[in-house]
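# Summary of structural features
Each chain, written out:
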Amino acid sequence: MGKHSFIVFLAVFFLAVTGMQPGYAKGLVVNDTSTTSHLEDSVQTRKTLIGIINMVVKASGSFDISPLADLYTPNALVADEQPPFSWNGPTAGAQWINSIEKACQDLRIKKLEGKVGRITVYLQNDESVYVVAPVNYTGLIKGDPFNEDGVFTFVFRMEGGKWLIKSQVWTSRRGM
């Protein structure tokens, strides 16, 4: 068995053991043998979650915490590269946005704007979804343009009939 075949074998084994199914932002859940209804639910779930991801990224540039008020689980975790590096609980998103606003003030960052790229990692089961969303941030530092690429890794959980953020972790390209 070649190196590539062995890696594919391990990935398939992991997915089989965990019950997760690989899927992609553009289309269908791979190897889904369930009904069309389940597939439609999966497509709708994907649209909902991508909408939440876009809200989070937009809020990180506008510093508006109101759209994030009911998006996090009671035991949510958010991690990012500015102090204090992690925030917990249902207000983790708001705490995180407040820390971004402070970091932007301290570093004299203006016009911070994030754009979500093409999502290629999307794994879903009945109660959880794992998504890796590439994001490009741009803005001005002391008047000079800057650009930072990275990824947000999200885990969403279905709670009370609603998809909520269980965890959200930022990793900049220099951290990869």
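Quick note: structure is the one above.
The following refers to the structure shown.

Scoring rules and cut-offs
Residues numbered from 1 in each chain as written. Predicted model: local features only at pLDDT ≥ 70, side-chain atom pairs only at ≥ 80, totals over all residues. Heavy atoms only, no water. Salt bridge = Lys/Arg side-chain N within 4 Å of Asp/Glu carboxyl O. Helix = DSSP H or I, 4+ residues; strand = E, 2+ residues; numbered from the N terminus. Contact = heavy atoms within 4.5 Å. Phe/Tyr/Trp six-rings, centres within 6.5 Å; stacked < 30°, edge-to-face > 60°. Lys NZ or Arg CZ within 6 Å of the ring centre and 35° of its normal.

### Quick word on the pattern of salt bridges
A complete count under the given rule lists four salt bridges for this structure. Taken together, the salt bridges that share partners define one network made up of Glu81, Glu148 and Arg174.

### Some thoughts on the environment of arginine 108
Along the polypeptide, arginine 108 turns up in the loop between helix H3 (92-107) and strand E4 (109-116). Setting aside chain neighbours within four positions, we find arginine 108 in contact with Leu140, Ile141 and Lys142.

### Considering the packing of aromatic side chains
If you walk through the whole model with that rule in mind, you get five aromatic pairs. Chaining the aromatic ring pairs together yields one cluster made of Trp96, Tyr137, Phe152, Phe154, Phe156 and Trp170. One cation-aromatic arrangement involves arginine 46 over tyrosine 122; the distance from NZ or CZ to the ring centre is 4.6 Å.

### So, unusual backbone geometry
Of the consecutive residues proline 83 and proline 84, the connecting peptide bond is found in the cis state with omega at 5°. Along the chain, proline 84 turns up in the loop between strand E2 (72-79) and strand E3 (86-88). In this structure, phenylalanine 63 is a non-glycine residue whose phi angle is positive, near 65°. Following the sequence through the fold, phenylalanine 63 ends up in the loop between helix H2 (36-62) and E2.

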